[in-house]
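A look at the structure
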Amino acid sequence: MKTKHFILPIFFLFQLMAVNAQIDAHYWTHQYGAKGLLLNGAVIASTEDETAIFYNPGAMGRGEKFGLSLSFLTPSYSRLTTKNFLGDGTTVIDRDIGFSPGFAAVGFPLFDDDRFRGGATTFTRFKSNINFRGRELGVIPNNPEQLFIGNLDFKRKLTERWIGFGLSYKVNETLSVGGSQFLVIHGESTDIRIQKEIVAKNQPTHLITAWRSNLRYAFNASGGFLTKLGLSWKPDNNDIIIGLTLTSPTYAYVHKSASYEFDDLKKINADSTILNANLDNNATLNTYKTPFSIGYGIDFSYNRWRFSLSAEYFRNIKTYTIIEADDDPFNGFADGDFSLSTSVRSGNKEVFNFAIGVQRKLYDGSTFIIGFRTDFNQRRPVEGFSEFEFLASTPSIYHLSAGGLFELWGNEVSIGFDYGFGTREGNQNLIEFSEVNAENLFDITPGKNVRSVYESFVIIITYDFIFKRRRK
C-alpha cells in the first residue's frame, strides 16, 4: 500500500504570527517599575529598588530601600496597521487597549548580615491577545459571471510569566554581586481560519471552486529554569556606577505539551473534492528556546544632570524543530495507509538593544526623566525550509518616554508617557484576494508591496510601594 504524506500548511500560521510579533515577541517589549518605565529600561547600572531582581541582581544590596515594591496602573493603547496584506488596497487594523504588565517584588535581609540581601518576584514577561478578521468580496477578473468570497479569521494568545528568587552579596563599599533564579511558564496558541470561494453571480449559494482551511496550534513549556547573574561596581570617589549581567537560556523544562487541529477542504470542480483533517492533543513538543544574553550599563552625573546607558546583546538561536508529528488521521480504518506529517521549525537572529536615559533633579523628591530605547525584531526566516518559513514581517520598535518621578510618603510615583513607533515595507502578501481565479485559488501569491506601521502609547501612572528600613 502506498503511503501518502500530507504536509500541514503551517506556512499560514507563521505568516500570521509575524503580524503581532512586535507586540509580544520582542526581547525588550516591556519595562518595569516607576523609574524603569520612564528611563525606558536604562537601569542595568542605576536600578535602586526591587526591580533589580530582574534588571541586575548585583545591584540589590546597593541601596537603602528595602521591603515591598508593587508597580501597576500603566494604561496602554497600541495599533498595528497593515496595508495590502490581503491584497492590493486592503487594510487590516489591530487595536488593543489595556494595561502594561505590572511587577511585584519583596526584598529582605539574610543571615542577620547587612552584606547579604534576598528578594522574590513575580511578573508577566510577555502577554498578548490578538484577534482580527478580514473579508474580501468582488467580481472575478476577466469573468464577470463569477464572484469571489474571501474570509480570514485570526486569533493568537501568548503569555509568559517569570517567578524568581534573588540573592546579592555586598563584597565591599564599591562592589556588589548577585544572582536570580527564575521559573518560566510559557504558553502560546494560534487559531487560523481561511476561506476562499468562487461562486456563480446569479446563484451565489452554488460553489464552483472552494478552499476552506482551519488550523489551531498550541504549546506549553512550563517549569523551565533561567539564571541571571549580575555585578554592580561603584569606584571610590567617583560618581559613576557600572553594571554587568549574564542571562542564561531557559533549561530543564518540567512539563512540555503541544496540540494541533487541522481541517483542509478543497473543492476543485464538481467531480473532485479533497478533504484532509486531523486532531492531535498529545503532539510532541521537542523544545522551546530562549537566547543567552549579556547586558551592560553605566550611570554617571554631569553638573545637575544624570545619564544612564544600558545595552544588551542577545545571541542568535539556530534553526530548530519545535513540534514534530507523524500520525494516521484515520487510525488504520481507511483502505490504505495515509500518513499526516507535521513539522514546525523556528529560529531567531542576534539582536543588540540599547537604552538611554537622562534625569534632572528639580527639587527634593522630584526628578524629570527622559528615556529612549530600541526594541529590535529578532525574528528571521528559516532558510532552506520555505514551506514553513517564519516571515519576520513586523517592524522593529523605537520608544521615547518622558515624565516625572516623585517621592510620596516614602514611596515612588511616576507620571509620564511612552510612545512607540515602527514601520516596515516589502513584506509578502498572505493571500492576494484581489486577483484570485479558479487556477490560483489554492496558491499563495507573493508580493512586495505590504507596509506595516505600529504605534503605541502608554500613560505611565505608576505607584511603587517601597517600605524602607535603614541599616543600623
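Only a predicted model underlies this, so the values are computations on that prediction, with no experimental measurement involved.

What to know about the overall build of the protein
Helix and strand counts for the protein come out as 4 helices and 21 strands. Per-residue burial over the protein gives 55% buried out of 472 residues. The long-range fraction of contacts in the protein, counting pairs at least 24 apart against all pairs at least 6 apart in sequence, stands at 72%. Accessible area for the protein stands at about 21,600 Å²; split by element, carbon and sulfur atoms hold 56% of it.

What to know about the side chain of H186
If you trace the backbone, H186 turns up in strand 8 (residues 175–200). By relative accessible area, H186 is classed as buried at 2%. Looking at H186, its side chain comes within polar contact range of the side chain of E160, at 2.5 Å.

Observations concerning the layout of surface pockets
Computed from the structure, the second largest pocket encloses a volume of approximately 540 Å³. The wall of the second largest pocket is formed by 27 residues, among which H30, S76, F99, S100 and P101 lie closest to the centre. Counting only elements with at least two residues in the lining of the second largest pocket, the list comes to helix 2 (21–24), strand 3 (75–83), strand 4 (91–99), strand 6 (113–140), strand 18 (366–375), strand 19 (397–408) and strand 21 (450–464). The element contributing the most residues to the lining of the second largest pocket is strand 6, with 4 residues. The residue makeup of the lining of the second largest pocket, split by class, is 9 nonpolar, 13 polar and 5 charged.

Examining the packing of aromatic side chains
A complete count under the given rule lists 22 aromatic pairs for this structure. For the ring pair F54 and F123, a centre distance of 5.2 Å and an interplane angle of 65° mean the geometry is edge-to-face. With a gap of 69 residues between them, F54 in helix 4 (residues 52–55) and F123 in strand 6 connect regions that are remote in the sequence. F123 sits in the buried class, given a relative accessible area of 1%. Both rings, one in Y217 and one in F219, keep their centres 6.1 Å apart while their planes meet at 70°; by these two values the pair is edge-to-face. Classification of Y217 as buried rests on a relative accessible area of 3%. These aromatic residues form a ring-pair network of at least three members: Y32, F54, Y55, F103, F123, W162 and F182. Lying over the aromatic face of F126, R125 brings its terminal NZ or CZ to 5.3 Å of the ring centre. Positioned above the aromatic ring of F54 is the side chain of K228, whose terminal nitrogen or guanidinium carbon lies 4.6 Å from the ring centre.

A look at the pattern of salt bridges
One pass over the structure, following the stated rule, counts 10 salt bridges. E50 is paired through a salt bridge with R117; the nearest N and O atoms lie 2.8 Å apart. Taken together, the positions of E50 in the loop between helix 3 (34–38) and helix 4 and R117 in strand 6 put the pair 67 residues apart, joining distant regions of the chain. For the pair shown, E50 and R117 are each scored as buried. A salt bridge links D364 to K361, with the nearest nitrogen and oxygen atoms 3.8 Å apart. A relative accessible area of 68% means that D364 is categorised as exposed. Within this structure, D239, D299 and R306 form a network of salt bridges that share partners.

Quick look at the nonpolar core
Core analysis: the largest hydrophobic core is formed by 44 residues, its most contacted members being F54, F123, W162, L285, I322 and I323. Counting residues per element, this core draws most heavily on strand 15 (residues 317–327), which supplies 5 residues. Other than its neighbours up to four places away in sequence, W162 contacts F54, T121, T122, F123, R125, F182, L183, V184 and L226. Ranked by size, the runner-up nonpolar core spans 6 residues in total, among them I140, F148, W211 and L441.

Observations concerning the pairing of strand 7 (residues 143–170)
Note that strand 7 and strand 8 share 25 bridges and pair antiparallel. Within strand 8, the residue paired with Q146 across the bridge is A200. What sits between the antiparallel neighbours strand 7 and strand 8 is a turn of 4 residues.

Quick word on the confidence of the model for the protein
Averaged over every residue, the pLDDT of the protein is 80; residues scoring 70 or more account for 84%. Confidence drops under pLDDT 50 across residues 1–24; counting only partners more than four residues distant or on other chains, this segment forms 105 contacts. Residue range residues 383–393 is modelled with pLDDT below 50. Its contacts to residues more than four positions away, or to other chains, number 40 contacts.

Notes on the environment of T121
Within the secondary structure, T121 is located in strand 6. Residue T121 is classed as buried on the basis of its relative accessible area, which comes to 4%. Counting along the chain gives 51 residues from T121 to L70, while the straight-line C-alpha distance between them is 9.9 Å. Discounting chain neighbours no more than four positions away, the residues touching T121 are I53, F103, A104, A105, W162, I163, G164 and F182. Within polar-contact distance, the side chain of T121 engages the backbone oxygen of A104 at 2.8 Å.

Some details on the side chain of T247
By the secondary structure assignment, T247 is in strand 10 (residues 240–247). Ignoring any residue separated from it by four or fewer positions in sequence, one finds T247 in contact with L226, T227, K228, P291, F292, S293 and E312.

Some remarks on a nonpolar patch on the surface
Together, Y77, I97, I415, F417, Y419, F421, F457, I459 and I461 give the surface a local cluster of nonpolar side chains, amounting to about 790 Å² of exposed area. Listed by contribution, the elements that provide at least two residues to the nonpolar patch are strand 20 (411–427) and strand 21. If you tally residues by element for the nonpolar patch, the top one is strand 20, at 4 residues. Residue I459 is classed as partly exposed on the basis of its relative accessible area, which comes to 37%.

Cut-offs and rules
Residues numbered from 1 in each chain as written. Predicted model: local features only at pLDDT ≥ 70, side-chain atom pairs only at ≥ 80, totals over all residues. Heavy atoms only, no water. Helix = DSSP H or I, 4+ residues; strand = E, 2+ residues; numbered from the N terminus. Buried < 20%, exposed > 50% of the residue type's maximum accessible area, 1.4 Å probe, protein only. Contact = heavy atoms within 4.5 Å. Areas by Shrake-Rupley, 256 points an atom, 1.4 Å probe, with all protein chains shown as cover. Polar contact = N/O pair within 3.5 Å; in protein donor to acceptor, adjacent residues only side chain to side chain. 1 Å grid on protein atoms, 1.4 Å probe; cavity = no way out; pocket = protein on both sides within 12 Å on 5 of 7 lines; lining within 4 Å. Points joined across faces, edges and corners; volume = space filled by probe spheres on them. Nonpolar A, V, L, I, M, F, W, Y, C, P; charged D, E, K, R; others polar. Phe/Tyr/Trp six-rings, centres within 6.5 Å; stacked < 30°, edge-to-face > 60°. Lys NZ or Arg CZ within 6 Å of the ring centre and 35° of its normal. Salt bridge = Lys/Arg side-chain N within 4 Å of Asp/Glu carboxyl O. Core = buried A, V, L, I, M, F, W, Y, C linked by side-chain atoms within 4.5 Å. Pairing = 2+ DSSP bridges. pLDDT = per-residue confidence, 0-100. Patch = residues over 30% accessible without salt bridge, like charges linked within 9 Å, V, L, I, M, F, W, Y side chains within 5 Å.

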